[in-house]
Amino acid sequence: QKEVEQNSGPLSVPEGAIASLNCTYSDRGSQSFFWYRQYSGKSPELIMSIYSNGDKEDGRFTAQLNKASQYVSLLIRDSQPSDSATYLCAVRSPPGSARQLTFGSGTQLTVLP
Amino acid sequence: DTEVTQTPKHLVMGMTNKKSLKCEQHMGHRAMYWYKQKAKKPPELMFVYSYEKLSINESVPSRFSPECPNSSLLNLHLHALQPEDSALYLCASSQAQGDNSPLHFGNGTRLTVT
């Protein structure tokens, strides 16, 4: 069973719409969760970190965490063509472990002009 | 601009060559990582250094040899690679291995083995 699962997509949304990216994780003790954006041929870029249940907003991005459901999501409001990229969900394994970062397989997002 | 610098950006090497990838960070981070990424796949952990000591080796073949000369530098020595080793090699750092801090990635080295 995969430890971090994402909808592989691809996901297409029109410009100006809200893009919703979802991720589930299997280790209930996990405490830190990240979203990375990766453009084709480039390296992953950290766009959001979230540690507590609820919402965290940064500009057009909102990360949502529900530890009871083991679910983390990323909303992108007013999507722009420049948001077209692969979005990677990453989860740190809990204290008492090697604290490795496990990535989901990524969701490819295309924002259509 | 990334605060983790990797060189070279691109590398083409034959199967008998020896080459090295270099990574440098000046954020005072004490954990450094090597990842390998194939096309359309997530990054795959290879090695972790914590306080300049090798902490994790994810059963990587010995033709890949990591080195951490000091807290700011991380090298990956390559020898007798195979064509299937062609990939994007990513260096990353974090404040510490054992905390909740995120990883910050360098721009990567695109390696082609011929």
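Residues numbered from 1 in each chain as written. Chains lettered and ligands numbered in written order. Predicted model: local features only at pLDDT ≥ 70, side-chain atom pairs only at ≥ 80, totals over all residues. Heavy atoms only, no water.

Enquirer: Residues and numbers for the overall build of chain B, please.
Expert: In terms of regular secondary structure, chain B is built from zero helices and 11 strands. Along chain B, helices (α) and strands (β) appear in the sequence β-β-β-β-β-β-β-β-β-β-β when read from the amino end. Against the compact-globule benchmark of 13 Å for 114 residues, chain B has a radius of gyration of 13 Å, which places it among compact chains. With the C-alpha coordinates of chain B rotated into their principal frame, the extents come out at 40 × 30 × 25 Å. A sequence separation of at least 24 residues applies to 55% of the contacts in chain B between residues at least 6 apart. Accessible surface computed for chain B: about 5,600 Å², of which carbon and sulfur atoms make up 48%. (Helix = DSSP H or I, 4+ residues; strand = E, 2+ residues; numbered from the N terminus. Rg over C-alpha atoms; globule rule 2.2 N^0.38 Å. Contact = heavy atoms within 4.5 Å. Areas by Shrake-Rupley, 256 points an atom, 1.4 Å probe, with all protein chains shown as cover.)

Enquirer: Explain the sheet that holds strand β6 (residues 54-58) of chain A residue by residue, including any values.
Expert: All names here are of chain A. Taking strand neighbours across the sheet as the criterion, the five strands line up as β1-β3-β8-β7-β6 in an open arrangement whose pairing is antiparallel. The sheet is open, and its two borders are formed by β1 (4-6) and β6, each paired with just one other strand. For this sheet, the mean inter-axis angle between neighbouring strands, taken without regard to orientation, is 20 degrees. Relative to strand β7 (residues 61-66), β6 runs antiparallel, the two sharing five bridges. Bridge pairing links D58 to F61 in β7. (Pairing = 2+ DSSP bridges. Axes fitted to C-alpha atoms, helices over the stretch in contact; angles between N-to-C directions.)

Enquirer: Please set out the interface of chain B and chain A residue by residue, giving values where relevant.
Expert: In this assembly, 24 residues from chain B lie in contact with 21 residues from chain A. Here chain B and chain A share an interface that buries about 1,600 Å² over both sides, 50% of which is from carbon and sulfur atoms. Our count for the chain B to chain A interface comes out at one salt bridge. Where chain B meets chain A, there are 11 residue pairs in polar contact (both at pLDDT 80 or more). Breaking the side of chain B that touches chain A down by element, the ones donating at least two residues are β4 (31-37), β9 (87-94) and β10 (104-105) of chain B. (Buried area = accessible area lost by both parts, 1.4 Å probe. Salt bridge = Lys/Arg side-chain N within 4 Å of Asp/Glu carboxyl O. Polar contact = N/O pair within 3.5 Å; in protein donor to acceptor, adjacent residues only side chain to side chain.)

Enquirer: Tell me about the packing of aromatic side chains, and please be specific about residues and values.
Expert: Under the defined criterion, the tally for this structure stands at nine aromatic pairs over all chains. Summarising the aromatic geometry, the rings of Y36 of chain A and F105 of chain B are spaced 5.6 Å apart at their centres and angled 85 degrees between planes, so their arrangement reads as edge-to-face. Note that Y36 of chain A is positioned in strand β4 (residues 32-38) and F105 of chain B in strand β10, a pairing that runs across two chains. Judged by relative accessible area, F105 of chain B falls into the buried class, the value being 5%. Judged by centre distance (5.9 Å) and plane angle (85 degrees), the rings of F103 of chain A and Y35 of chain B are edge-to-face. With one member in each of two chains, F103 of chain A in strand β10 (residues 101-103) and Y35 of chain B in strand β4 form a pair that bridges those chains. Taken as a pair, F103 of chain A and Y35 of chain B share a single burial class, namely buried. Three or more aromatic residues joined by ring pairs form one cluster here, namely Y36 and F103 of chain A together with Y33, Y35 and F105 of chain B. A cation over a ring is seen here: R60 of chain A above F61 of chain A, with NZ or CZ 5.7 Å from the ring centre. (Phe/Tyr/Trp six-rings, centres within 6.5 Å; stacked < 30°, edge-to-face > 60°. Buried < 20%, exposed > 50% of the residue type's maximum accessible area, 1.4 Å probe, protein only. Lys NZ or Arg CZ within 6 Å of the ring centre and 35° of its normal.)

Enquirer: Explain the state of the cysteines to me, and be specific about the residues and the numbers.
Expert: Throughout the structure, instances matching the rule amount to two disulfides over all chains. There is a disulfide in this structure between C23 of chain A and C89 of chain A, and the S-S distance comes to 2.1 Å. Around the S-S axis, the bridge from C23 of chain A to C89 of chain A shows a dihedral of about -70 degrees and counts as left-handed. With C23 of chain A in strand β3 (residues 19-25) and C89 of chain A in strand β9 (residues 85-92), the pair connects residues that are 66 residues apart, well separated along the chain. With respect to burial, C23 of chain A and C89 of chain A carry one shared label: buried. The side chain of C23 of chain B participates in a disulfide bridge whose partner is C91 of chain B; the two sulfur atoms lie 1.9 Å from each other. Taking the sign of the S-S torsion, -70 degrees for the link of C23 of chain B and C91 of chain B, the bridge is left-handed. You can see C23 of chain B sitting in strand β3 (residues 18-25) and its partner C91 of chain B sitting in strand β9, a full 68 residues away along the chain. Looking at C23 of chain B, the relative accessible area reads 1%, which means it is buried. (Disulfide = S-S within 2.5 Å.)

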